[in-house]
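Residues per chain are reported as follows:
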Amino acid sequence: MPGELDAADTALMIQVLERLLNDDTFLDDEIKKEIKQYDNDGNLKIDRSEFQMMLNSYLGTISEEESSELFDDIDKDRSGFIEISELKRVLRNQIMLELDRLKLENGM
């Protein structure tokens, strides 16, 4: 079926995801790159308006209500900013979910 991964591709994807989980420096660097694209004031934190721009660029137009709800879910310390550590936590959780899914689907 188009879009499906074969065994070699799946194994490679699992290796890449495991590396991402274990390489904090790489993950931090990638998150910083993304933040810098939308961080208008250069503080390496994302405020609500910057977050809205980020979401719109990745997902297309998203409502302010949806954006605000996501922001609040990520901003665990309620500082009014999404910081590298908060984005890292979310990204690591997503990587772990995908890794678990791949392993489950492939009997690993």
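Residues numbered from 1 in each chain as written. Predicted model: local features only at pLDDT ≥ 70, side-chain atom pairs only at ≥ 80, totals over all residues. Heavy atoms only, no water.

Draft legend 1. Quick look at the overall build of the protein chain. Across its full length, the protein chain carries five helices and two strands. Sequence-ordered secondary structure for the protein chain, helices as α and strands as β, is α-α-β-α-α-β-α. Each principal axis of the C-alpha atoms in the protein chain carries an extent, and together these give about 45 × 30 × 20 Å. Pairs at least 24 apart in sequence give 49% of the contacts found in the protein chain among residues at least 6 apart. Accessible surface, the protein chain as shown: approximately 7,300 Å² in total, 53% of it carbon and sulfur. Positive and negative side-chain charges in the protein chain, numbering 13 and 27 respectively, have mean positions lying 6 Å apart. (Helix = DSSP H or I, 4+ residues; strand = E, 2+ residues; numbered from the N terminus. Contact = heavy atoms within 4.5 Å. Areas by Shrake-Rupley, 256 points an atom, 1.4 Å probe, with all protein chains shown as cover. Lys, Arg positive; Asp, Glu negative; His and termini not counted. Charge placed at Lys NZ, Arg CZ, Asp CG, Glu CD.)

Draft legend 2. Structural detail: the environment of Thr-10. If you trace the backbone, Thr-10 turns up in helix α1 (residues 7-22). Judged by its relative accessible area of 3%, Thr-10 falls in the buried class. (Buried < 20%, exposed > 50% of the residue type's maximum accessible area, 1.4 Å probe, protein only.)

Draft legend 3. Inspection of the nonpolar core at higher detail. One finds Leu-17, Ile-31, Ile-35, Ile-46, Phe-51, Ile-82 and Ile-95 to be the most contacted residues of the largest nonpolar core, which totals 21 residues. Only α1, α2 (24-38), α3 (48-59), α4 (64-74) and α5 (84-105) provide two or more residues apiece to this core. Excluding anything up to four places from it in sequence, Ile-31 contacts Ile-84, Leu-87, Lys-88 and Leu-91. (Core = buried A, V, L, I, M, F, W, Y, C linked by side-chain atoms within 4.5 Å.)

Draft legend 4. Just unusual backbone geometry, in detail. The backbone phi angle of Leu-44 is positive, close to 60°, even though this residue is not glycine. Leu-44 sits in the partly exposed class, given a relative accessible area of 29%. Even without being glycine, Arg-78 reaches a positive phi, approximately 55°. Turning to its location among the elements, Arg-78 is positioned in the loop between α4 and β2 (82-83). On the basis of relative accessibility, which here comes to 55%, the residue Arg-78 falls in the exposed class.

Draft legend 5. Region of interest: the packing of α1 against α5. α5 packs onto α1 with a crossing angle of 150° between their chain directions and a minimal axis gap of 10 Å. Between α1 and α5, the crossing angle belongs to the class labelled roughly antiparallel. Of the two possible hands of crossing, α1 and α5 adopt the one that is left-handed. Residue-level inspection shows Thr-10, Met-13, Ile-14, Leu-17, Glu-18, Leu-20 and Leu-21 of α1 in contact with α5, the latter providing Arg-92, Ile-95, Met-96, Glu-98, Leu-99, Leu-102 and Lys-103. (Axes fitted to C-alpha atoms, helices over the stretch in contact; angles between N-to-C directions. Parallel < 35°, antiparallel > 145°, perpendicular 65-115°, else oblique. Left-handed = near helix turned anticlockwise from the far one by under 90°.)

Draft legend 6. Focus on α4. Every buried residue of α4 is listed here: Ser-67, Phe-71 and Ile-74. Each buried residue of α4 sits inside an arc of 65° when the element is viewed along its axis, so together they form one side. Opposite the buried face of α4, by more than 90 degrees, sit the exposed residues Glu-65 and Glu-69. Residues of α4 that are buried in the fold lie against β1 (45-46), α3, β2 and α5. (Arc of directions from axis to C-beta.)

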